[in-house]
Amino acid sequence: TGRWPTDLPGLPLTMFLGTAILLVSSGTMQLAIGAARQGNQEISARRLLTTFILGAAFLLVQSMGWWTWLQAIGERWDDSQAYRFALAGYYVLTGLHAMHVLGGLLALAWTCYRAYAGAYTARDHLGVRACGTYWHFLLVIWLLIYAGLLLTSP
């Protein structure tokens, strides 16, 4: 009994799509930082908005993946404690990450608002850089979570 279940359902395909969305959003965030460094607030603001939209899309796709696994939980929850741990662990890991993405979206919304208001210059764009650092960190954490889940999935 204390073994990791070997017949867990496969990871939802939405996790792959969500990973691709986060990778692209990290790229658009980096482009926003580059535009801010050059003093081009309009382009920076648009790229921040694009990053925000992609982040929201990630959360939507992630929630679709959670719904996919609900059936698996219902079917296997009572089988053993190992199943409960494995299936609940998926929700804990991805749910905590989703909460941090939501926090990042709030920061992005504020940074985007300030960028559209002309608050950043080529010399003073710390808000864009700080938001970008956090967003890139979210990507790195997601890649680690995704890799860990892939290694333990059938």
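What you see is a predicted model, and the numbers here were worked out from it, not measured in a lab.

Cut-offs used in this document
- Residues numbered from 1 in each chain as written.
- Predicted model: local features only at pLDDT ≥ 70, side-chain atom pairs only at ≥ 80, totals over all residues.
- Heavy atoms only, no water.
- Helix = DSSP H or I, 4+ residues; strand = E, 2+ residues; numbered from the N terminus.
- Contact = heavy atoms within 4.5 Å.
- Areas by Shrake-Rupley, 256 points an atom, 1.4 Å probe, with all protein chains shown as cover.
- Core = buried A, V, L, I, M, F, W, Y, C linked by side-chain atoms within 4.5 Å.
- Buried < 20%, exposed > 50% of the residue type's maximum accessible area, 1.4 Å probe, protein only.
- Salt bridge = Lys/Arg side-chain N within 4 Å of Asp/Glu carboxyl O.
- Expected span 1.5 Å × (residues − 1).

What about the overall build of the chain?
Right, on to step 1. Summing up its helical and strand segments, the chain has four helices and zero strands in all.
Right, on to step 2. When the helices and strands of the chain are listed from N to C terminus, the series reads α-α-α-α.
Right, on to step 3. Here the analysis covers contacts within the chain between residues at least 6 apart in sequence; of these, 81% occur between residues at least 24 apart.
Right, on to step 4. Counting only carbon and sulfur atoms, one obtains 68% of the accessible surface of the chain, whose full area is about 8,600 Å².

Comments concerning the nonpolar core
Right, on to step 1. Of all hydrophobic cores here, the largest spans 36 residues; its most connected members are Leu48 and Trp135.
Right, on to step 2. Contributing elements (two or more residues each) for this core: helix 1 (14-37), helix 2 (41-76), helix 3 (81-116) and helix 4 (126-152).
Right, on to step 3. It is helix 3 that provides the largest number of residues to this core, a total of 10 residues.
Right, on to step 4. For leucine 48, the contacting residues outside a window of four places in its chain are Met29, Ala32, Leu108, Thr111, Cys112, Ala115 and Val128.

Digging into the pattern of salt bridges
Right, on to step 1. Tallied over the full model, the rule gives one salt bridge.
Right, on to step 2. One salt bridge in this structure joins arginine 46 and glutamate 42, with 3.2 Å as the shortest N-O distance. Taken together, the residues arginine 46 and glutamate 42, both in helix 2 and four residues apart, mark about one turn of the helix.
Right, on to step 3. Owing to a relative accessible area of 51%, glutamate 42 belongs among the exposed residues under this scheme.

Considering helix 4
Right, on to step 1. Spanning 27 residues, helix 4 covers 39 Å between terminal C-alpha atoms, matching the ideal 39 Å at 1.5 Å per step.
Right, on to step 2. Among the residues making up helix 4, those that are buried are Val128, Cys131, Gly132, Trp135, Leu138, Leu139, Trp142, Ile145, Tyr146 and Leu149.

What to know about helix 1
Right, on to step 1. In a regular helix each residue adds 1.5 Å, so 24 residues correspond to 34 Å; helix 1 covers 34 Å between its end C-alpha atoms and thus fits that length.
Right, on to step 2. Positioned one or two residues after helix 1, glycine 39 has a phi angle of 80 degrees, which is positive.

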